[in-house]
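# Coordinate inspection notes
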Amino acid sequence: MIERPEQGEYTEFQSRYITLVPPEGDLKVILREQTQHVLALLGGLTEQQGEYRYAPGKWSIKEVIGHLTDNDRIMSYRLLCFARGEQAMLPGYEENDYAAAGEFDRFTLQEMITHYRIVRESTLALLDSLPEDSYTRKGSFGGIAMSVRAQACLIIGHELHHLRVLHERYLN
């Protein structure tokens, strides 16, 4: 069971995402349930909805999915590095640059959902493989120190943030 991180295992900036995560329960179970919810939500959309942008210059739904997928890859890599004791400072990333370079709108909505599902399955497999004593190990990225379990919680909270945006601005 991976429990929520304690203060001091993440920064104030990350707390805006971490506080979105339910206070009780195993983070692996929460992530599995969230994945099922996201796949059900996205699976009910049409290709036309996948291309929707709520305002000029904003991401399409496919780009949001691409961002979530990229973010999962990056955060899972960080999590792996922290769990294995990596001491090197890992780089940060600029989400808008990554989204633009990903050219996610060239894929069908179904392809984007498949990418998301495969990457998330990999993240879940990684979490399942970690020894319990690694959960509180810390590493750094972009000048920020964070524990393994805080990184796992951040994956969940970041996605919850974007799900709220999807519901409020894209699917209402």
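Just above, that's the structure.
Thresholds applied
- Residues numbered from 1 in each chain as written.
- Predicted model: local features only at pLDDT ≥ 70, side-chain atom pairs only at ≥ 80, totals over all residues.
- Heavy atoms only, no water.
- Helix = DSSP H or I, 4+ residues; strand = E, 2+ residues; numbered from the N terminus.
- Contact = heavy atoms within 4.5 Å.
- Pairing = 2+ DSSP bridges.
- Salt bridge = Lys/Arg side-chain N within 4 Å of Asp/Glu carboxyl O.
- Buried < 20%, exposed > 50% of the residue type's maximum accessible area, 1.4 Å probe, protein only.
- Axes fitted to C-alpha atoms, helices over the stretch in contact; angles between N-to-C directions.
- Parallel < 35°, antiparallel > 145°, perpendicular 65-115°, else oblique.
- Left-handed = near helix turned anticlockwise from the far one by under 90°.
- Nonpolar A, V, L, I, M, F, W, Y, C, P; charged D, E, K, R; others polar.
- Phe/Tyr/Trp six-rings, centres within 6.5 Å; stacked < 30°, edge-to-face > 60°.
- Lys NZ or Arg CZ within 6 Å of the ring centre and 35° of its normal.

### Description of the side chain of His67
Secondary-structure assignment places His67 in helix 4 (residues 61-83). Not counting chain neighbours up to four residues away, the residues in contact with His67 comprise Trp59, Tyr93, Glu95, Phe104, His158 and His162.

### Observations concerning the pairing of strand 2 (residues 144-147)
Sheet analysis places strand 1 (residues 138-141) next to strand 2, joined by 4 bridges and oriented antiparallel. Counted as the bridge partner of Lys138 is Ser147 from strand 2. What sits between strand 1 and strand 2 in their antiparallel hairpin is a turn of 2 residues, with Gly142 showing a positive phi close to 50 degrees.

### Observations regarding the pattern of salt bridges
Taken as a whole and assessed by the stated rule, the structure comprises 14 salt bridges. With a closest N to O distance of 3.7 Å, Glu51 and Lys62 form a salt bridge. With a gap of 11 residues between them, Glu51 in the loop between helix 3 (47-50) and helix 4 and Lys62 in helix 4 connect regions that are remote in the sequence. Take Glu51: its relative accessible area is 45%, and that puts it in the partly exposed class. Where Glu159 meets Arg120, a salt bridge forms, and the shortest distance between an N and an O atom there is 2.7 Å. Residue Glu159 is found in helix 7 (residues 148-170), and its partner Arg120 is found in helix 6 (residues 109-129); the two are separated by 39 residues along the sequence. A single burial state applies to Glu159 and to Arg120, both of which are buried. What emerges from the salt-bridge pattern is a single network uniting Glu6, Glu9 and Arg149.

### Some points on the environment of Pro22
Secondary-structure assignment places Pro22 in the loop between helix 1 (12-18) and helix 2 (27-43). Here the alpha-carbon distance between Pro22 and Pro5, two residues 17 residues apart in the chain, equals 12 Å. Contact partners of Pro22, with chain neighbours within four places excluded, come to Arg4, Ile30 and Leu160.

### Observations concerning the packing of helix 2 against helix 7
Helices that pack against each other are described as a pair by the angle of their axes relative to one another and the distance between those axes. Contact pair helix 2 / helix 7: the axes reach a minimum separation of 11 Å and the direction vectors enclose 25 degrees. Judged on the interaxial angle alone, helix 7 and helix 2 are roughly parallel. The crossing of helix 2 and helix 7 is left-handed. Of the residues in helix 7, those touching helix 2 at Leu27, Ile30, Leu31, Gln34, His37, Val38 and Leu41 are Arg149, Ala152, Cys153, Ile155, Ile156, Glu159, Leu160, Leu163 and His167. Split by residue class, the contact of helix 2 with helix 7 holds 11 nonpolar, 3 polar and 2 charged.

### A word on the packing of aromatic side chains
This structure, assessed with the given rule, holds 4 aromatic pairs. Taking 5.9 Å as the distance between ring centres and 85 degrees as the angle between the ring planes, the aromatic pair formed by Tyr52 and Tyr170 counts as edge-to-face. Placement of Tyr52 in the loop between helix 3 and helix 4 and of Tyr170 in helix 7 is noted, with a sequence separation of 118 residues between them. Given the relative accessible area of 9%, Tyr170 is considered buried. Ring geometry for Tyr93 against Tyr98: centres 4.9 Å apart, planes inclined by 65 degrees, an arrangement best described as edge-to-face. A relative accessible area of 39% means that Tyr98 is categorised as partly exposed. One aromatic cluster is present, built from ring pairs that chain together Tyr52, Tyr54 and Tyr170. The ring of Phe141 carries the charged tip of Arg78 above its face, separated from the ring centre by 3.7 Å.

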